[in-house]
Amino acid sequence: MSITAKFRHWFTPHHTNNFRARLLHNSGIFAIIGIVVVGNVFLRLLDSTNLHILGFTSSVTIDEVVRATNEERVAQGLKSLSYNERLADAARRKAANMFAENYWAHNSPSGKSPWVWFKEAGYSYVYAGENLAKDFGDTSRMMSAWMASPTHKDNIVNPKYTEIGLAVVPGTIQGQETVLVVQLFGASQGGAVPQVASAAIAPAPVAIAQVQTTSVPSPTQPLLIESESSREMSPDAKQSGRPRYNQFNLTRALNLGTTALFILALVLDLLIAESRVLTRRVGNNWAHIIFINFILLATTIVNAGKIL
Amino acid sequence: MIRHASDYSFLAILAVIYIVSIFRYQSTPQYLLFATIIFAVLYFIWGIFHHVRTGSFHAKIVLEYLLVALLGLALVSTLLI
């Protein structure tokens, strides 16, 4: 069978396929599901091996996150946050602790709250908050996820904060290679924000925003952790020169490719069947096209990343 | 004029509700999976009702809608789980 004949058999209604594109037969749809599922299992297995073919890559940078955060604030009529090196130091300490104690939470297994790192970095705050994110491939998706979460958004557009500090650190948490983003907000005691001693924003279960009125006199100590030392540095830049592929993006590409073939078969089958006025007792191609396209749209919204 | 316009309108409304909820709760993977399962189940039911209404109901068509619904579920769940 020539390539043209094979294409006609699999994608168009023809006497060889009982006038229904072979890919749209139940066995054909089952085969597509099989490719999606088996391909996904294969990619996950590849990711879990020590071959280092797959890994996590991210284009998130500190500058981009600061800029995007300030854009959101300006859009809400708020003042931009200024970058504070002590807050950044606190964020790096928090990230290092998360890798060291191997946890994905605001509080460490040994009971350290996020505010410990503010104190250790010597940042005396009136107001402070923390947003966490991991596994995001780019800044815009991460910001979208934070802004879609009311508690994280509350931190980003909180008028009480005047400063921001960030750490974007590659590493491994709970066996998964990732890029961790720690975003800390604060208003220092010497800042422009008037103190509201009795006001309290209760810590939320997801994003944390908390008011403290105590000073934190502990001195800043040198930080000996593997972390971003430059605001310009991307996590990608820290990775070795080996070609690496993101398992999530490969899965998405596999799904898009197989679905594109399915949609192509649906469209060609529909157009040819209607032009030839074929009478068949089969599923409704229009309905399948609507359903699958909305599912595809959903897969473009789904993030690999997680926020806390 | 489109035949069975009400059926397609209902399906389009379901699809729009699904995508809006996915966008709204994109930061909660469990919700995304739950919403996709609901959308897939409703699509399967929609298919059966549509073919019963149009007089083209057949067991093979039921299986076809089931498989397409499962394909949709597989496409999203492989990204979430």
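Now for a quick tour of the structure. Fair warning: this is a prediction, and the values are worked out from it, not measured in the lab. (Residues numbered from 1 in each chain as written. Chains lettered and ligands numbered in written order. Predicted model: local features only at pLDDT ≥ 70, side-chain atom pairs only at ≥ 80, totals over all residues. Heavy atoms only, no water.)

Examining the overall build of chain B
Consideration 1: A tally of regular secondary structure across chain B gives 3 helices and 0 strands.
Consideration 2: Across the 81 residues of chain B, 44% fall into the buried class.
Consideration 3: In chain B, once contacts between residues fewer than 6 apart in sequence are set aside, the share between residues at least 24 apart is 54%. (Helix = DSSP H or I, 4+ residues; strand = E, 2+ residues; numbered from the N terminus. Buried < 20%, exposed > 50% of the residue type's maximum accessible area, 1.4 Å probe, protein only. Contact = heavy atoms within 4.5 Å.)

Some remarks on the pairing of strand β3 (residues 125-134) of chain A
All names here are of chain A.
Consideration 1: Most of β3 is tucked away: 10 of the 10 residues are buried.
Consideration 2: The sheet contact formed by β3 and strand β5 (residues 176-188) spans 9 bridges and is antiparallel. Counted as the bridge partner of Ala128 is Gly186 from β5. (Pairing = 2+ DSSP bridges.)

Topic: the nonpolar core
The nonpolar side chains of a soluble globular protein tend to be buried, and buried together.
Consideration 1: Counting 47 residues, the largest nonpolar core has Phe262(A), Phe291(A), Tyr18(B), Tyr43(B) and Leu71(B) as its most contacted members.
Consideration 2: Element by element, the count of residues in this core is highest for helix α3 (residues 59-80) of chain B, at 11 residues.
Consideration 3: Beyond its immediate sequence surroundings of up to four residues, Phe262(A) is in contact with Leu23(A), Leu24(A), Ile29(A), Ile32(A), Ile292(A), Val68(B) and Leu71(B).
Consideration 4: The next biggest cluster of nonpolar side chains, apart from the first, holds 28 residues, and it includes Val66(A), Val157(A), Tyr161(A) and Val168(A). (Core = buried A, V, L, I, M, F, W, Y, C linked by side-chain atoms within 4.5 Å.)

Quick look at the interface of chain B and chain A
Consideration 1: In this assembly, 41 residues from chain B lie in contact with 41 residues from chain A.
Consideration 2: Buried area between chain B and chain A, both sides added, is near 3500 Å², and the carbon and sulfur share of it is 73%.
Consideration 3: Interface area lost by chain B to chain A is led by Leu71(B), Leu75(B) and Leu79(B), which between them contribute 20%.
Consideration 4: For the pair chain B and chain A, the number of links is 1 salt bridge.
Consideration 5: Salt-bridge contacts for Arg20(A) lead to Glu64(B); the nearest nitrogen and oxygen are separated by 2.8 Å.
Consideration 6: Summed over the shared surface of chain B and chain A, the result is 14 residue pairs in polar contact (both at pLDDT 80 or more). (Buried area = accessible area lost by both parts, 1.4 Å probe. Salt bridge = Lys/Arg side-chain N within 4 Å of Asp/Glu carboxyl O. Polar contact = N/O pair within 3.5 Å; in protein donor to acceptor, adjacent residues only side chain to side chain.)

Everything listed here is a matter of coordinates, which is why it stays silent on function.
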